[in-house]
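Structural overview for review
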Amino acid sequence: MSLSKIIIGGAQFGTNYGVSNVNGPLQQLNYNSIFKYCYKKNINSFDTASNYGNSEKIFGNYIKNNKYQKWNISTKINFDDNVEDQFKESIKNLKIIPSIIYFHKF
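Below is a summary of the structure that appears in this document. In this text the structure is predicted, and so the values were computed from the model without any measurement.

**Quick notes on the overall build of the chain**
Secondary structure assignment for the chain yields four helices and four strands. Computed over C-alpha atoms, the radius of gyration of the chain comes to 13 Å, within 12% of the 13 Å expected from 2.2 N^0.38 for 106 residues, which places it in the range of a compact globule. On the principal axes, the C-alpha backbone points of the chain span a range of 40 × 35 × 25 Å. Within the chain, the fraction of its 106 residues that count as buried is 40%.

**Brief notes about a positive patch on the surface**
On the surface, Lys 57, Lys 64, Lys 67, Lys 92 and Lys 95 cluster together into a positively charged patch. With respect to the element layout, Lys 67 can be found in the loop between α3 (55–65) and β3 (72–78).

**As for the nonpolar core**
Within the largest apolar cluster, 14 residues are counted, with the highest numbers of intra-cluster contacts made by Ile 8, Phe 13, Phe 35, Phe 46, Phe 59, Trp 71 and Ile 73. Of all elements in the fold, only α2 (28–40) and α3 reach the threshold of two or more residues within this core. With four residues, the top contributor of residues to this core is α3. Apart from residues lying up to four places away in sequence, Phe 59 is in contact with Gly 10, Phe 13, Phe 35, Phe 46, Asp 47, Thr 48 and Leu 94.

**Quick notes on the pattern of salt bridges**
Opposite charge on two side chains allows them to pair when their charged atoms are near. The final tally for this structure, using the stated rule, is two salt bridges. With a shortest N-O distance of 2.5 Å, Lys 76 and Asp 47 are connected by a salt bridge. You can see Lys 76 sitting in strand β3 and its partner Asp 47 sitting in strand β2 (residues 45–49), a full 29 residues away along the chain. Residues Lys 76 and Asp 47 agree in their burial class; the two are buried.

**Comments concerning the packing of α2 against α3**
Where α2 meets α3, the closest approach of the two axes is 12 Å, and the angle between their N-to-C directions is 55°. When the interaxial angle is binned, α2 and α3 end up oblique. In the packing of α2 onto α3, the handedness of the crossing is right-handed. Mapping the contact onto sequence places Tyr 31, Asn 32, Phe 35 and Lys 36 in α2 and Ile 58, Phe 59 and Tyr 62 in α3. Class assignment for the residues of the contact of α2 with α3 results in five nonpolar, one polar and one charged.

Cut-offs applied
- Residues numbered from 1 in each chain as written.
- Predicted model: local features only at pLDDT ≥ 70, side-chain atom pairs only at ≥ 80, totals over all residues.
- Heavy atoms only, no water.
- Helix = DSSP H or I, 4+ residues; strand = E, 2+ residues; numbered from the N terminus.
- Rg over C-alpha atoms; globule rule 2.2 N^0.38 Å.
- Buried < 20%, exposed > 50% of the residue type's maximum accessible area, 1.4 Å probe, protein only.
- Patch = residues over 30% accessible without salt bridge, like charges linked within 9 Å, V, L, I, M, F, W, Y side chains within 5 Å.
- Areas by Shrake-Rupley, 256 points an atom, 1.4 Å probe, with all protein chains shown as cover.
- Salt bridge = Lys/Arg side-chain N within 4 Å of Asp/Glu carboxyl O.
- Lys, Arg positive; Asp, Glu negative; His and termini not counted.
- Charge placed at Lys NZ, Arg CZ, Asp CG, Glu CD.
- Core = buried A, V, L, I, M, F, W, Y, C linked by side-chain atoms within 4.5 Å.
- Contact = heavy atoms within 4.5 Å.
- Axes fitted to C-alpha atoms, helices over the stretch in contact; angles between N-to-C directions.
- Parallel < 35°, antiparallel > 145°, perpendicular 65-115°, else oblique.
- Left-handed = near helix turned anticlockwise from the far one by under 90°.
- Nonpolar A, V, L, I, M, F, W, Y, C, P; charged D, E, K, R; others polar.

Spelled out as structure tokens, the structure:
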């Protein structure tokens, strides 16, 4: 499975991320539109993190309902916490094994 040239960041899917964000996390209608647009444009790569609120679960629910699509998901977990438990939780939330795991150190 090849990576698309564009990777969609998932921070705003589950948190109030962004300097100019005045509306909070994206609503379901917004991220469903993003997923549909990405599918049409062959964008299959997304980045998320265990500390992006419910971002991993949002991606996981979409993936579960669109199993026929090929996804490249990278996620980040906190290096200071129990890495194995976080990895298992990310797999549970995403409903797939991430293509890439990054470690954050806060």
